[in-house]
Amino acid sequence: MGTNQTHKNGTVERVGLVACGALAREVLSVVEANGFDHVETRFLPAGLHNTPQQIPQAVDEVLAELAQSCSRLLVGYADCGTGGRLEPILEKHGATRIEGAHCYAFYSGLDVFDARQDAEPGTFYLTDFLARQFDTLVWKPLALDRHPELRDAYFGNYTRLMFLSQSPDPDLERRARDAAQRLGLRFEHHHTGLGGLSKFIEDNAA
């Protein structure tokens, strides 16, 4: 772990971090574990992933607010379906974001994720957050609770559900298994821990 950067007057440099709400629990655990009291965190609604075109503007607005009190800015979003539209926002604010196309990649490790995805492209992924919120963010929005016959229309091209867990939680594994069964997909579980998320925060906030 590095040391906190200080200004000439001896005050600690404040770091602003805006992240997806789906990462809130994990981000806060890293910040607290490292004693990063100088890190100011903001979280945007995880539901923005349903309208990824809105993510850049939302991140832009929060970065502008954080810049008023923080001299270093971090973004806890991968590309997340924005099609590269986050990059101009990062440049505008001089912010740094975590690498990868989405959280599945940086949790797994970019090379590991690419290899798994190449081996079986028809894979549906769940993280701890998504296992916890499966009904709210997947099952009900797709109307599968009311029209289960739509399952094959949405998931007919998928063959497996891969649960990428951040914490060793038997209840979340049970929920993920249940989700796979309801979707008619083969279940796989790989424990990633916090993957690249913790390294990203520690390397850029210390």
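Basis of the calculations
- Residues numbered from 1 in each chain as written.
- Predicted model: local features only at pLDDT ≥ 70, side-chain atom pairs only at ≥ 80, totals over all residues.
- Heavy atoms only, no water.
- Buried < 20%, exposed > 50% of the residue type's maximum accessible area, 1.4 Å probe, protein only.
- Helix = DSSP H or I, 4+ residues; strand = E, 2+ residues; numbered from the N terminus.
- Pairing = 2+ DSSP bridges.
- Right-handed = clockwise from strand over helix to strand, strands pointing away.
- Phe/Tyr/Trp six-rings, centres within 6.5 Å; stacked < 30°, edge-to-face > 60°.
- Lys NZ or Arg CZ within 6 Å of the ring centre and 35° of its normal.
- Arc of directions from axis to C-beta.
- Contact = heavy atoms within 4.5 Å.
- Axes fitted to C-alpha atoms, helices over the stretch in contact; angles between N-to-C directions.
- Core = buried A, V, L, I, M, F, W, Y, C linked by side-chain atoms within 4.5 Å.
- Salt bridge = Lys/Arg side-chain N within 4 Å of Asp/Glu carboxyl O.

S.K.: Quick rundown of the pairing of strand S1 (residues 15-20)? Include the residues and the values.
M.R.: Counting buried positions along S1 gives six out of six residues, so the element sits mostly inside the fold. Looking at chain direction, S1 and strand S2 (residues 39-44) are connected through six bridges and run parallel. The residue of S2 that forms the bridge with Leu 17 is Thr 41. Tracing the backbone out of S1, into helix H1 (residues 24-33) and back to the parallel element S2 gives a crossover that is right-handed.

S.K.: Please set out the packing of aromatic side chains residue by residue, giving values where relevant.
M.R.: A ring pair, where both rings are aromatic, is described by two values, the distance of the centres and the angle of the planes. Counting across every chain of the model gives seven aromatic pairs. Residues Phe 134 and Trp 139 carry aromatic rings whose centres are separated by 6.1 Å and whose planes lie at 35° to one another, so their mutual orientation is tilted. Summarising the burial analysis for this pair, Phe 134 and Trp 139 share the class buried. Pairing Phe 155 with Tyr 158 gives two aromatic rings, centres 5.5 Å apart and planes at 50°, and the pair type is tilted. Overall, Tyr 158 belongs to the partly exposed group, its relative accessible area being 30%. Cluster of aromatic residues (ring-pair linked, three or more members): Tyr 104, Phe 113 and Tyr 125. The lysine or arginine in question, Arg 182, covers the ring of Trp 139, its NZ or CZ lying 4.7 Å from the ring centre.

S.K.: Mind laying out helix H10 (residues 196-205), listing which residues take part and the relevant values?
M.R.: Along H10, the positions that sit buried rather than exposed are Leu 197, Ser 198, Phe 200, Ile 201 and Ala 205. Viewed end-on, H10 has its buried residues packed into an arc of 160°, placing them on one side of the element. Packing partners of the buried residues in H10 comprise S1, H1, S2, strand S3 (72-76), strand S4 (96-97) and helix H4 (103-108).

S.K.: I'd like a description of the sheet that holds S4, backed by residues and values.
M.R.: Within the open sheet, the four strands sit side by side as S2-S1-S3-S4. Their pairing is parallel. With partners counted over all chains shown, the strands left at the sheet margins are S2 and S4, one partner each. Both S1 and S3 contribute to a ladder of five bridges, which runs parallel. Along S3, the bridge assignment pairs Val 18 with Val 75. Set on the sheet, H1 makes contact with S1 and S2; between it and S2 the angle comes to about 175°. Packed on one face of the sheet, H10 meets S1, S2, S3 and S4 and runs near 175° to S3.

S.K.: Quick rundown of the pairing of S3? Include the residues and the values.
M.R.: By the criterion of burial, S3 is predominantly enclosed, with four of the five residues buried. In this fold, the crossover linking S3 to S4 by way of helix H3 (residues 87-93) has right-handed handedness.

S.K.: Kindly report on the nonpolar core, identifying the contributing residues and their values.
M.R.: In terms of nonpolar packing, the biggest core is built from 66 residues, with Val 59, Tyr 77, Phe 124, Leu 126, Leu 161, Leu 183 and Ile 201 touching the most fellow members. Here this core gets six residues from one element, more than from any other, and that element is helix H2 (residues 55-66). Beyond its immediate stretch of four places on either side in the chain, Leu 183 contacts Phe 124, Phe 134, Trp 139, Leu 144, Arg 151, Phe 155 and Leu 161.

S.K.: I'd like a description of unusual backbone geometry, backed by residues and values.
M.R.: You will see that Cys 80, though not glycine, has its phi angle at about 55°, which is positive. Within the secondary structure layout, Cys 80 lies in the loop between S3 and H3. We note that Ala 143 has phi near 65°; this positive angle belongs to a residue other than glycine. Structurally, Ala 143 can be placed in the loop between helix H7 (134-139) and helix H8 (151-155).

S.K.: Lay out the pattern of salt bridges in plain terms, naming residues and giving numbers.
M.R.: In this structure the tally under the stated criterion is 18 salt bridges. The salt bridge involving Arg 177 is made with Glu 173; its shortest N-O contact spans 3.2 Å. With a gap of four residues between them, Arg 177 and Glu 173 both fall in helix H9 (residues 170-183), about one helical turn apart. We classify Glu 173 as partly exposed; its relative accessible area is 23%. One salt-bridge network, held together by shared partners, links Arg 14, Glu 40, Arg 42 and Glu 65.

The quantities given are spatial measurements derived from coordinates; they are silent on function.
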